[in-house]
Amino acid sequence: MSDVLEAVADARGHAVEEFDVLIVGAGISGIGSAYHLQAQCPGKSYAILEAKDDIGGTWHTHRYPGVRSDSDLYTFGYRFKPWVGPPIATADEIRKYLRSVVSENGIDKTIRFGTHITRCAWSSADKRWTVETTTADGKPGRTYRANFLWMCQGYYDHHNPYMPAWPGMEDYKGLLVHAQKWDESIDYAGKQVVVIGSGATAATVIPAMADKAAHVTMLQRSPTYFYAYPNRSDLVDRLNEIGVDEETIHHCARLDYLHNLKTMDRRAREEPDVVFEELKELIRQYAGPDFDFTPHFTPRYRPWQQRLAFVPDGDMFEQIRDGKVSAVTDTIDHFTADGIKLASGQDLKADVVVAATGFNLLVMGGITFEVDGTVVDWSQTPTYRGMMFAGVPNLVWVFGYFRAAWTLRVDLLGDFVCRLLQHMDEKGRSEINIVVPEGLGDEALLPWIEDDNFNPGYLVRDMDKLPKRLGDRPEWRHTQDYWREAEDIPAIDLDGAEFAYS
């Protein structure tokens, strides 16, 4: 499958390998895309270029206490590989699942680890991408050439998380660490811990640390919505009990979770106050009937305008009930030698401070892209359905969903890319360009997503770096609507006005 078509030497004297398709990234997107390419386009040669030394992407990078999924694995897992286990899974369980997909399908033989891409250059004359790399130690690496690039490296910087520059950080004598930079040798047993943040990472770190720590304080600027629910599926349990096979169970559970997600998304828009009351009632089952939601658990935005933080088995709220965890809503004035001084004047004593403050966006992995010698400015490039880009040939970017499982789009785009490659072969064409149809050239270039649609801090901070939607037309944006795209993307007319072949 991944046999090299041609091996020559580049101008630097390094080996050049040629493939039909290069997949960038061996995380959940890259592995899923490779599976679809093998299954649907078995005649295409390909390789996966991965900068890290192992598969998993996010699940390899993140090692903080308790790291787990914040989407159910029936939809976060692949449609072609049944998930067997609780809906919410640990990073270790997810990596084990990914390794089984890789080994069962021979994908492991296609991965080039320790391959850092520095430059991708398209030549219209050659109908090829030239991909320059360095090795893990920074030395010049192999050059790769391919007709098609499938970008699956995600959208955030794995090496440089978002760490605000708080005043006085240099005065703090305790341990300050970003969750993304967690060292598993850190000892926090019996210590006072402050976790800055209240999103999905904080909701994972806090209950995992609470049993060993003397106390954990969640310090947040503003409250988050939490969804507390048992880490099980009654439907799956029943189907298992009556002897239904794994594939059928996985399919039914996937449909069940998708239905529930769609219903939640719709109701969050139509009746947000009712949804909030229902979320409160779920939390009370773990925190107690008299749990006070004001001020620390009453957000200023509607449900699903930012991602719901899932709390399986209500673990964090049980620990709040038991006095192991507390919440503080305030802003940081400055760090002191032994903790944090808040804007209200309160002092938080801390032996360990964990910044669960999110990440920085990194469009296309920070790689330099050129088309016929001109550098691509992604921030000024219109996107076609959040996956292809005007004026950038033979390239698809896998960017998943915020309000549904990321991997749903991996499967959806896997089908699309394979159909596109087959269509190009049928037409005898080797270049596909996305063009803005006549009459749409005057449409405004707008931010990737509207603020009132989805507005977490990591997205708002770097929105200007992302490609642009063209007006409000659904085909010229990433709608973040899986249920609409599940119908629209398979129905795309590959000979429509947006597609130019040569």
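Residues numbered from 1 in each chain as written. Predicted model: local features only at pLDDT ≥ 70, side-chain atom pairs only at ≥ 80, totals over all residues. Heavy atoms only, no water.

**Student:** Please clarify how the overall build of the chain should be interpreted in this entry.
**Tutor:** Of the regular secondary structure elements, the chain holds 12 helices and 26 strands. Its C-alpha atoms give the chain a radius of gyration of 24 Å, near enough to 23 Å, the size a compact globule of 502 residues would have. Within the chain, the fraction of its 502 residues that count as buried is 57%. Of the accessible surface of the chain, which amounts to about 20700 Å², a share of 48% is contributed by carbon and sulfur atoms. With 52 positive and 75 negative side-chain charges, the chain shows a separation of 1 Å between the mean positions of the two kinds. (Helix = DSSP H or I, 4+ residues; strand = E, 2+ residues; numbered from the N terminus. Rg over C-alpha atoms; globule rule 2.2 N^0.38 Å. Buried < 20%, exposed > 50% of the residue type's maximum accessible area, 1.4 Å probe, protein only. Areas by Shrake-Rupley, 256 points an atom, 1.4 Å probe, with all protein chains shown as cover. Lys, Arg positive; Asp, Glu negative; His and termini not counted. Charge placed at Lys NZ, Arg CZ, Asp CG, Glu CD.)

**Student:** Please explain the environment of phenylalanine 317 as it appears in this structure.
**Tutor:** Position of phenylalanine 317 among the secondary structure elements: in helix α9 (residues 315-321). Residue phenylalanine 317 is classed as buried on the basis of its relative accessible area of 0%. Residues phenylalanine 317 and glycine 154 lie 163 residues apart in sequence; the distance between their C-alpha atoms is 31 Å. If we skip the residues at most four places from it in the chain, phenylalanine 317 touches Phe226, Ala228, Ile283, Tyr286, Ala287, Phe291, Phe297 and Val311. (Contact = heavy atoms within 4.5 Å.)

**Student:** Looking at this structure, I do not really get the packing of aromatic side chains. What am I missing?
**Tutor:** Remark: the centre distance and the inter-plane angle together describe each pair of aromatic rings, the angle taken between the planes. For the structure shown, the criterion picks out 40 aromatic pairs. Here the aromatic rings of phenylalanine 399 and tryptophan 406 are separated by 5.4 Å at their centres, their planes lie at 40°, and the arrangement is tilted. Residues phenylalanine 399 and tryptophan 406 agree in their burial class; the two are buried. The ring centre of phenylalanine 293 lies 5.6 Å from the NZ or CZ of lysine 280, which sits over that ring. Lying across the ring of tyrosine 162, arginine 461 places its NZ or CZ 3.4 Å from the centre. (Phe/Tyr/Trp six-rings, centres within 6.5 Å; stacked < 30°, edge-to-face > 60°. Lys NZ or Arg CZ within 6 Å of the ring centre and 35° of its normal.)

**Student:** What am I meant to see in helix α4 (residues 91-104) here?
**Tutor:** Side chains of residues three or four places apart in an α-helix project in the same direction, reflecting 3.6 residues per turn. Over its 14 residues, α4 runs 20 Å from end to end, which matches the ideal 20 Å to within 8%, given 1.5 Å per residue. All buried positions along α4 are accounted for by Ala91, Ile94, Arg95, Tyr97, Leu98, Ser100, Val101 and Val102. Where the residues of α4 are buried, they touch α1 (28-40), α2 (58-61), α3 (73-76) and β4 (111-112). Directly after α4, the chain includes glycine 106, whose backbone phi takes a positive value near 70°. (Expected span 1.5 Å × (residues − 1).)

**Student:** What is the right way to look at unusual backbone geometry in this model?
**Tutor:** Glycine aside, the phi torsion of most residues is negative, and most peptide linkages are trans. The omega angle of the peptide bond from threonine 294 to proline 295 is 0°, so this bond is cis rather than trans. The phi dihedral of aspartate 313 is positive, around 60°, even though this residue is not glycine. Its location among the elements puts aspartate 313 in the loop between β12 (309-312) and α9. One non-glycine residue with positive phi stands out, namely glutamine 480, at about 60°.

**Student:** How should I be thinking about the sheet that holds strand β9 (residues 192-196) in this particular structure?
**Tutor:** Where strands meet in a sheet, backbone hydrogen bonds hold them as pairs that are either parallel or antiparallel. Strand order in this open sheet of 5 strands is β8-β17-β9-β10-β13, and the pairing throughout is parallel. The open sheet terminates on both sides in strands that have one partner only, identified here as β8 (175-178) and β13 (325-329). Pairs of neighbouring strands in the sheet enclose a mean axial angle of 20°, with direction left out of account. Relative to strand β17 (residues 352-355), β9 runs parallel, the two sharing 4 bridges. Looking at β17, one finds that valine 195 is bridged to valine 354. (Pairing = 2+ DSSP bridges. Axes fitted to C-alpha atoms, helices over the stretch in contact; angles between N-to-C directions.)

**Student:** Looking at this structure, how should I read empty space enclosed by the protein?
**Tutor:** One simple way to see leftover space: roll a probe sized like a water molecule over the atoms. Enumeration according to the criterion identifies 2 cavities of 30 Å³ or more in this entry. In this model, the largest cavity occupies a volume close to 50 Å³. Every residue along the wall of the largest cavity is listed here: Arg68, Ser69, Asp70, Ile88, Ala200, Ala203, Thr204, Ala309, Phe310 and Pro312. Mapped by element, the contributors of at least two residues to the lining of the largest cavity are α5 (200-210) and β12. Residue classes in the lining of the largest cavity are distributed as 6 nonpolar, 2 polar and 2 charged. Taken as a whole, the second largest cavity holds about 40 Å³ of empty space. If you trace the second largest cavity, you find it lined by Thr224, Tyr225, Phe226, Phe276, Leu279, Ile283, Phe293 and Phe297. Residue composition of the lining of the second largest cavity, by class: 7 nonpolar, 1 polar and no charged. (1 Å grid on protein atoms, 1.4 Å probe; cavity = no way out; pocket = protein on both sides within 12 Å on 5 of 7 lines; lining within 4 Å. Points joined across faces, edges and corners; volume = space filled by probe spheres on them. Nonpolar A, V, L, I, M, F, W, Y, C, P; charged D, E, K, R; others polar.)

**Student:** Even after reading the chapter, I still don't get the layout of surface pockets, so can you show me in this structure?
**Tutor:** Of the pockets and cavities examined, the second largest pocket occupies roughly 730 Å³. Along the wall of the second largest pocket there are 32 residues; nearest its centre are Tyr227, Tyr257, Asn260, Leu261 and Phe310. Counting only elements with at least two residues in the lining of the second largest pocket, the list comes to β11 (226-229), α6 (234-241), α7 (246-270) and α8 (272-287). Here the lining of the second largest pocket takes 7 residues from α7, the largest share from any one element.

**Student:** It is not clear to me how the nonpolar core should be interpreted in this structure. Could you clarify?
**Tutor:** Nonpolar side chains tend toward joint burial in soluble globular proteins. If you look at the biggest cluster of nonpolar residues, it comprises 149 residues, and the most contacted ones within it are Phe317 and Phe369. Considering every element that reaches this core, the biggest residue donor is helix α10 (residues 407-427), with 10 residues. Phenylalanine 369 has contacts with Cys120, Trp129, Leu149, Met151, Met364, Thr374, Val375, Val376, Trp378 and Leu395, leaving out every residue within four places of it along the chain. Listed in part, the 14 residues of the second largest apolar core include Val194, Ile196, Val328 and Val353. (Core = buried A, V, L, I, M, F, W, Y, C linked by side-chain atoms within 4.5 Å.)

**Student:** What should I look at first to understand the pairing of β9 in this one?
**Tutor:** Two faces, one strand: in a regular strand the side chains alternate between the faces of the sheet. With 4 of 5 residues buried, β9 lies mostly within the body of the structure. On the question of chirality, the crossover connecting β9 to the parallel strand β10 (residues 215-220) by way of α5 is right-handed. (Right-handed = clockwise from strand over helix to strand, strands pointing away.)

Interpretation note: all reported values are geometric properties and have no functional meaning in isolation.
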